[in-house]
Amino acid sequence: MKIKLVRPTLEMKEEALAYRQSHFDAGEHEISGSELLDQTEDYAQWVQSITANTSPETVNPAWVVTDTYFAVDENDKIVGIIDLRHSLNDFLQDFGNVGYSVKPSERRKGYATEMFCQVREIARQAGMKELHMAVHRDNEPSVKTIVNAGGVAYRSFIAEEKWADMYLVRL
């Protein structure tokens, strides 16, 4: 399994919309780490928005500097999406620095672990020292991914009527 993280482009529109539809077809209408790809009606506008959010000069004032990447396989098929939030505002305190999703048909193949390894290196290069990651306790694959990356739970809370934990991953 070899993947690379790439920034979304206009040329990826059809593949991106097919990726989004795969989540919808699986009954998932919220795609973690997608910077609202699940809610957009205009892919070009979404690309423009996530591109603006990569810079302190152009980030949406209600958001934080964020890098969003598609994880693509050796055939340039999107297998996942991941975002790295460089800081946390009040809204993001219960979401953390990293959000990600893997295409339903591609789960349990190690993609989440590899995506997280690659985004950790991006965070290091950006000067970040630690990542905070939230996960629902019943999301065992994500809990395993975070713990295997050295994550240590330090706070519990209720999110969407379920118990969740915030983990700290030192870089």
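Only a predicted model underlies this, so the values are computations on that prediction, with no experimental measurement involved. Within each chain, residues carry numbers counting from 1 in the order of the written sequence. Local features in a predicted model are, by the rule used here, given only for residues with pLDDT of at least 70; side-chain atom pairs are given and counted only at 80 or more, and totals for whole chains, interfaces and linings are based on all residues. Only hydrogens and water are set aside; all other atoms, that is, all heavy atoms of the structure, feed into the side-chain values.

Caption draft 1: Representation of the pattern of salt bridges within the structure. By definition, a salt bridge exists where a carboxyl oxygen of Asp or Glu is found within 4 Å of a side-chain nitrogen of Lys or Arg. Summed over all chains, the structure comprises 11 salt bridges. The shortest N-O distance in the salt bridge between Asp 165 and Arg 137 comes to 2.8 Å. Here the residue Asp 165 occupies a position in strand S7 (residues 162-170), and Arg 137 occupies one in the loop between strand S5 (130-136) and helix H4 (140-148), the gap between them amounting to 28 residues. Note on exposure labels: buried denotes an accessible area under 20% of the residue type's maximum, exposed denotes more than 50%, and partly exposed covers the range between, all computed with a 1.4 Å probe on protein chains only. In this structure Asp 165 comes out as buried when scored by relative accessible area, which is 10%. For Arg 137, a relative accessible area of 40% gives the class partly exposed. Strands are runs of DSSP state E lasting at least two residues, helices are runs of H or I lasting at least four, and both sets are numbered from the N terminus onward.

Caption draft 2: Representation of the sheet that holds strand S2 (residues 66-72) in the model. At least two DSSP bridges between two strands are needed for those strands to be called paired. Read across the sheet, 4 strands follow the order S1-S2-S3-S4 without closing on themselves; strand pairing throughout is antiparallel. The open sheet terminates on both sides in strands that have one partner only, identified here as strand S1 (4-6) and strand S4 (98-102). Across the sheet, the mean angle separating the axes of adjacent strands is 25° when strand polarity is ignored. Relative to S4, strand S3 (residues 78-85) runs antiparallel, the two being bridged by 5 bridges. Note on S4: the bridge partner recorded for Gly 80 is Val 102. Against the sheet, helix H2 (residues 43-52) engages S2 and S3, with an angle of about 125° to S2. Helix axes use the C-alpha atoms of the stretch in contact, all axes being lines fitted to C-alpha atoms, and the angles between their N-to-C directions lie in the range 0 to 180 degrees. A contact between two residues is defined here by any heavy atoms of the two lying within 4.5 Å.

Caption draft 3: Examining the pairing of S5 more closely. Burial of S5 is extensive: 5 of the 7 residues sit out of reach of the surface. Judged from the 7 bridges that link them, S5 and S7 form a sheet pairing that is antiparallel. The residue bridging Met 133 from the neighbouring strand is Tyr 167, located in S7.

Caption draft 4: Broad picture of the sheet that holds S5. One open sheet accounts for 3 strands, arranged S5-S7-S6; its pairing is antiparallel. Each end of this open sheet is capped by a strand with a single partner; those strands are S5 and strand S6 (152-159). Neighbour-to-neighbour, the strand axes of the sheet open up by a mean angle of 25°, direction not taken into account. On the sheet, helix H3 (residues 111-125) packs against S5 and S7 and is oriented at approximately 145° with respect to S5. The sheet strands contacting H4 are S5 and S7, and the helix crosses S5 at an angle near 160°.

Caption draft 5: Representation of the side chain of Asp 38 in the model. When you line up the elements, Asp 38 lands in the loop between helix H1 (13-25) and H2. Only four residue types enter the charge count: Lys and Arg as positive, Asp and Glu as negative, with His and the chain ends excluded. Arg 20 is the oppositely charged side chain nearest to the buried, salt-bridge-free Asp 38, at an N-O distance of 7.4 Å. Within 3.5 Å is the distance limit for a polar contact, defined as a pair of N or O atoms, with the added protein rule that one can donate a hydrogen and the other accept it, and that residues adjacent in sequence qualify only through two side-chain atoms. One polar contact links the side chain of Asp 38 to the main-chain amide nitrogen of Ile 31, over a distance of 2.6 Å. In contact with Asp 38, other than residues within four places in its own chain, are Arg 20, Phe 24, His 29, Glu 30 and Ile 31.

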